[in-house]
Protein chains: 2
Amino acid sequence: MKKIHNRQETVNTLAQELIKGDPRAIAKAITLVENDGRQAREMMKDIYPYSGQSVIVGITGAPGSGKSTLVDQMIPLLKKKGKKIGIVAVDPSSPFTGGAILGDRIRMMRHSVDPDVFIRSMATRGHLGGLAKTTGEAITVLEAAGKDFILVETLGVGQDEVEVVKLADIVIVILTPGTGDDIQIFKAGIMEIADVFVLNKADSPDTDKVERQLKAILQLSLRKEEITPVVKTVATKGTGVAQLIDILDNLISSANKQQQETRKKKLISWMLRDIISDRIYQEIAKRILASVWDEFVEKIYRREMDPYSVAERLVKEIKGS
Amino acid sequence: MKKIHNRQETVNTLAQELIKGDPRAIAKAITLVENDGRQAREMMKDIYPYSGQSVIVGITGAPGSGKSTLVDQMIPLLKKKGKKIGIVAVDPSSPFTGGAILGDRIRMMRHSVDPDVFIRSMATRGHLGGLAKTTGEAITVLEAAGKDFILVETLGVGQDEVEVVKLADIVIVILTPGTGDDIQIFKAGIMEIADVFVLNKADSPDTDKVERQLKAILQLSLRKEEITPVVKTVATKGTGVAQLIDILDNLISSANKQQQETRKKKLISWMLRDIISDRIYQEIAKRILASVWDEFVEKIYRREMDPYSVAERLVKEIKGS
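Calculation notes
- Residues numbered from 1 in each chain as written.
- Chains lettered and ligands numbered in written order.
- Predicted model: local features only at pLDDT ≥ 70, side-chain atom pairs only at ≥ 80, totals over all residues.
- Helix = DSSP H or I, 4+ residues; strand = E, 2+ residues; numbered from the N terminus.
- Buried ≥ 20, exposed ≤ 12 C-beta atoms within 10 Å, placed from the backbone.
- Contact = placed C-beta atoms within 7 Å.
- Pairing = 2+ DSSP bridges.
- Axes fitted to C-alpha atoms, helices over the stretch in contact; angles between N-to-C directions.
- Parallel < 35°, antiparallel > 145°, perpendicular 65-115°, else oblique.
- Left-handed = near helix turned anticlockwise from the far one by under 90°.
- Core = buried A, V, L, I, M, F, W, Y, C linked by C-beta atoms within 7 Å.
- Nonpolar A, V, L, I, M, F, W, Y, C, P; charged D, E, K, R; others polar.
- Expected span 1.5 Å × (residues − 1).
- Bend = angle between axes of the 7 residues up to and from the residue.
- pLDDT = per-residue confidence, 0-100.

Caption draft 1: Representation of the overall build of chain A within the structure. In terms of regular secondary structure, chain A is built from 13 helices and 7 strands. Evaluated residue by residue, chain A yields a buried proportion of 47% over its 321 residues. For chain A, the share of sequence-separated contacts (at least 6 apart) that also reach a separation of at least 24 residues comes to 75%.

Following this line, the structure appears as structure tokens:
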């Protein structure tokens, strides 16, 4: 009993330190959230009222398009404007290593000694909880810690990754000239979610052609009054990054508040669903013994039962308990 | 009442036609499954006993690595061996177009007039249901329809995509020399799941270097007695594809039955969880009025409540009803 009480106190203290913006508290809080459990929920309840004030910028692009390098270059320019920055890099899941740390990410870590910049690489391992919950919780932690800008970096493929990034206030889509596949891939679902396009590696000879193509596509599929801005960058050299920041500033000040509210509510709705789903799985795990679960799986494997009938039975049991 | 009865009959007839391998019945069945609902569940219950006999081959690689072109070249060689083939291409979600149809996929469609080859491109739109459920159900339909080989093609990134493909009987990972990012990305989580590596676009000058690097990595991380085979292909010309088929044959005949059983059970377990989750969401949708849900979202948005407390309350309501 004593121990639980102490734990509760620790969680309260953590929430307090977090709200002051302490980097160690942020790191601890995100770890707590990743490991889930009752303590994480209690902390999240404490800090939730302090969240919701930051600008969320989603950054997405194919592997190798230079997302992390671009973010790395954006940090000093945002800092010069006095902004506190949080970065959440959503990594493809690795079942074995527990998450990717790519070279660029490591390079970006040089900013991590800076108390105003917090960088966290989150592995999307497992599927319990869901990406909306994980990302939403990390954003909430960074918001409660007083970050002005939160950059959420994801790969431009994968169902949940796309869903999550498109709920940011502003979405940056990075394309790289000379990799014809990009345009094709992006046409399929990413094009429509961009608030600004970055043509990175714009020192490639294909750049002008790709820019023309992109603008032609944008004009064809015009659904807004204004055409989506396109910025050319060479992230490795910092070229064009200041212009990108100016465009972001413009987008923020002229932002469609209605649209942002809709997106934020959608993220909340999705998070809520993930949290409910998570709670229900925990109920399942508590109430249905692993041995019973395995027995059902075995019967389904042997084709003695089908998963639909088993699911119906288990749902009834969960509801009846 | 009459109408429901007729619908039931239609579903029964569909299941019967499907088991005979009728391509139109397969297409209808997968559409039914995609649209979900009671009819889909009834059909799945009917056909489930006929599934579980096929070899499932997962094929994964970065965008542009040539997955579809390779599959396109594998089809005639597998057909020559008298195999019936089903192909499920899992696409990144497009919230606007409802799924990607890439050029390569369209090219592959030339096989779709062949009654022994069934190709289906599945969009992973929305997240209700989950990728395991969607893919698992499409596989079940193709198995029940008597396909010998089922090729499941996914992008090598994205949390669920990786999870699903690694539950195939045999996993082919495609790398392309000359795109340094690949190796880096793949090291992070895909390397370990490969049963065979394909170095596609092997007419690139970097091929030999990449092959040496790959083999060095494989030797370092050796956890099996035999080293994972590496095949060099130029999918656009068909080069190396026959060798790949030979290796697949070898892998199938020397397959670790225990491992395959474990994977199949894991897929069942995951599918079961998705189906349960799906059912519970339907309960939520039935019992919690949209207006009440929106009211909660609004309160969370205004920071008057937090999503964790709301989730606890809703879960209690669902259980209590």
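Caption draft 2: Quick peek at the pairing of strand 1 (residues 55-61) of chain A. Residues and elements named next belong to chain A. In terms of burial, strand 1 is a largely internal element, 6 of the 7 residues being buried. Alignment of strand 1 against strand 5 (residues 170-175), held across 5 bridges, turns out to be parallel. Its bridge partner being in strand 5, Gly-61 is matched across the sheet by Ile-174.

Caption draft 3: Molecular detail of the packing of helix 4 (residues 67-80) of chain A against helix 10 (residues 241-253) of chain A. Residues and elements named next belong to chain A. Interaxial distance between helix 4 and helix 10 falls to 10 Å at its minimum, and their mutual angle equals 60 degrees. In terms of axis orientation, helix 4 runs oblique to helix 10. Taken as a pair, helix 4 and helix 10 cross one another with a handedness that is right-handed. The segment helix 4 lies against helix 10, with Gln-73, Met-74, Leu-77 and Leu-78 engaging Val-241, Ala-242 and Ile-245.

Caption draft 4: Spatial organisation of the nonpolar core. A:Val141 and B:Val141 are the most contacted members of the largest nonpolar core, which totals 160 residues. Ignoring anything within four residues of it in the chain, the contact list for B:Val141 reads B:Leu18, B:Ile26, B:Ala29, B:Ile30, B:Val33 and B:Ile47.

Caption draft 5: Broad picture of the packing of helix 12 (residues 290-301) of chain A against helix 11 (residues 257-287) of chain B. Two numbers describe how helix 12 of chain A lies on helix 11 of chain B: the axes approach to 9 Å, and their chain directions differ by 110 degrees. With respect to helix 11 of chain B, the element helix 12 of chain A is oriented roughly perpendicular. Note on packing geometry: the crossing formed by helix 12 of chain A with helix 11 of chain B is right-handed. From helix 12 of chain A, A:Val297, A:Ile300 and A:Tyr301 reach across to helix 11 of chain B, where they touch B:Lys264, B:Lys265, B:Ile268, B:Ser269 and B:Leu272. Its residues placed into classes, the contact of helix 12 of chain A with helix 11 of chain B shows 5 nonpolar, 1 polar and 2 charged.

Caption draft 6: Summary view of the environment of B:Asp72. With respect to the helices and strands, the residue B:Asp72 is situated in helix 4 (residues 67-80). Using a count of 23 C-beta atoms within 10 Å as the deciding quantity, one classes B:Asp72 as buried.

Caption draft 7: Structural context of helix 4 of chain B. Residue and element names in this part refer to chain B. Over its 14 residues, helix 4 runs 21 Å from end to end, which matches the ideal 20 Å to within 8%, given 1.5 Å per residue. The largest bend in helix 4 comes to about 25 degrees, at Met-74, with the proline Pro-76 one to four residues further on. In terms of burial, helix 4 is largely enclosed, as 10 of its 14 residues are buried. Among all positions of helix 4, only Lys-67, Ser-68, Thr-69, Leu-70, Val-71, Asp-72, Gln-73, Met-74, Ile-75 and Leu-78 are buried. Taken from the residues just after helix 4, Gly-82 is the one with a positive phi, measuring 80 degrees.

Caption draft 8: Inspection of the confidence of the model for chain A at higher detail. All names here are of chain A. Per-residue confidence for chain A averages 79 on the pLDDT scale, and 77% of its residues sit at or above 70. When mean pLDDT is taken per element in chain A, strand 7 (residues 230-232) scores highest with 94 and helix 5 (residues 103-108) scores lowest with 50. Low confidence marks residues 93-104, where pLDDT is under 50. Its contacts with residues over four positions away, or in another chain, come to 36 contacts. Predicted complex, confidence summary: ipTM 0.75, pTM 0.68.

Caption draft 9: View of the environment of A:Val88. The residue A:Val88 is located in strand 2 (residues 85-91) in this model. Residue class for A:Val88 comes out buried when judged on the 25 C-beta atoms lying within 10 Å of it.

Caption draft 10: Just the pairing of strand 6 (residues 196-199) of chain B, in detail. All names here are of chain B. Relative to strand 6, strand 5 (residues 170-175) runs parallel, the two sharing 4 bridges. Paired with Leu-175 across the strands is Leu-199, a residue of strand 6. Where strand 6 and strand 7 (residues 230-232) come together, 3 bridges link them in parallel fashion. Its bridge partner being in strand 7, Val-198 is matched across the sheet by Val-231.

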